[in-house]
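# Examination of the molecular architecture
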Amino acid sequence: MNIGKAAAASGVSAKMIRYYESINLLAAARRTDAGYRAYTDEDVHVLRFIRRARDLGFALADIGELLALWHDQGRASADVKGIALAHVAALERKIAQLQGMADTLRTLAAHCHGDARPDCPILTDLDAGGGR
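Definitions and limits used
- Residues numbered from 1 in each chain as written.
- Predicted model: local features only at pLDDT ≥ 70, side-chain atom pairs only at ≥ 80, totals over all residues.
- Heavy atoms only, no water.
- Helix = DSSP H or I, 4+ residues; strand = E, 2+ residues; numbered from the N terminus.
- Buried < 20%, exposed > 50% of the residue type's maximum accessible area, 1.4 Å probe, protein only.
- Lys, Arg positive; Asp, Glu negative; His and termini not counted.
- Salt bridge = Lys/Arg side-chain N within 4 Å of Asp/Glu carboxyl O.
- Polar contact = N/O pair within 3.5 Å; in protein donor to acceptor, adjacent residues only side chain to side chain.
- Contact = heavy atoms within 4.5 Å.
- Expected span 1.5 Å × (residues − 1).
- Core = buried A, V, L, I, M, F, W, Y, C linked by side-chain atoms within 4.5 Å.
- Axes fitted to C-alpha atoms, helices over the stretch in contact; angles between N-to-C directions.
- Parallel < 35°, antiparallel > 145°, perpendicular 65-115°, else oblique.
- Nonpolar A, V, L, I, M, F, W, Y, C, P; charged D, E, K, R; others polar.
- Disulfide = S-S within 2.5 Å.

## Digging into the side chain of Asp 43
Note on placement: Asp 43 falls in helix α3 (residues 41-55). Despite its burial, Asp 43 pairs with no opposite charge; the closest candidate is Arg 30, at 7.5 Å N-O. A polar side-chain atom of Asp 43 sits 2.9 Å from the main-chain amide nitrogen of Thr 40. Contacts of Asp 43, omitting those with residues within four sequence positions, involve Leu 26 and Ala 38.

## Focus on helix α5 (residues 77-111)
Here α5 is 35 residues long and its end C-alpha atoms lie 51 Å apart, about the 51 Å a rise of 1.5 Å per residue gives. Among the residues of α5, those classed as buried are Ile 83, His 87 and Leu 108. Tucked inside the fold, the buried residues of α5 contact α4 (60-71) and α6 (121-128).

## Remarks on the nonpolar core
Across soluble globular proteins, nonpolar side chains show a tendency to be buried alongside one another. In terms of nonpolar packing, the biggest core is built from 21 residues, with Ile 17, Tyr 20, Leu 26, Tyr 39, Ile 50 and Ile 63 touching the most fellow members. Breaking this core down by element, the ones donating at least two residues are α1 (3-10), α2 (14-22), α3 and α4. The residues contacting Ile 50, other than those within four sequence positions of it, are Tyr 20, Leu 25, Ile 63 and Leu 67.

## Some points on the pattern of salt bridges
Tallying each qualifying case throughout the model produces four salt bridges. We note a salt bridge from Glu 21 to Arg 37, for which the minimum N-O separation is 3.3 Å. Taken as a pair, Glu 21 in helix α2 and Arg 37 in strand β2 (residues 37-38) lie far apart in primary sequence, 16 residues in all. The class for Glu 21 is buried, based on a relative accessible area of 9%. Put simply, Asp 103 and Arg 106 hold a salt bridge, and the shortest N to O gap is 2.9 Å. In this pair, Asp 103 and Arg 106 are both assigned in helix α5, three residues apart and thus about one turn of the helix distant.

## Considering the packing of α5 against α6
Two numbers describe how α5 lies on α6: the axes approach to 8 Å, and their chain directions differ by 130 degrees. When the axes of α5 and α6 are compared, the pair comes out oblique. Contacts between α5 and α6 involve Leu 108, Ala 109 and His 111 on the former and, on the latter, Pro 121, Ile 122 and Asp 125. When grouped by side-chain class, the residues that make up the contact of α5 with α6 number four nonpolar, one polar and one charged.

## Comments concerning the state of the cysteines
What the rule picks out here adds up to zero disulfides. Here Cys 112 is not disulfide-linked; the sulfur of Cys 120 is the nearest cysteine sulfur, at 3.5 Å. On the basis of relative accessibility, which here comes to 22%, the residue Cys 112 falls in the partly exposed class. By relative accessible area, Cys 120 is classed as buried at 17%.

## With respect to the environment of Gly 100
Tracing the sequence through the fold places Gly 100 in helix α5. Separated by 36 residues in sequence, Gly 100 and Gly 64 have C-alpha atoms that sit 32 Å apart.

What follows is the structure, encoded as structure tokens:
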């Protein structure tokens, strides 16, 4: 199938398919006599795997490792679990960071009168963070 059909079948844009090929996340597609890329059902399966991993927030390097493990029938599930749990830990750190940001902004907004007065603790805080 051509790249457009592979994109539609996998949910991955043609541009990203070409990118994944360029970084060797996806094997280079065979070419037709006219030079067009031709994808197989297996390629679409790999693209769906990549798309799902991206949906879960995995970095491309981790996806490469997961793909290698997926294709390795002798893999240890502990290796896969280790990658997944490391990603969970990174997500939890990011969640904590985002929660802290939301808490700070919520507190600053609560202290802002939100009226016609020019003084605003939100701007004061942003200014203080600027190193002045």
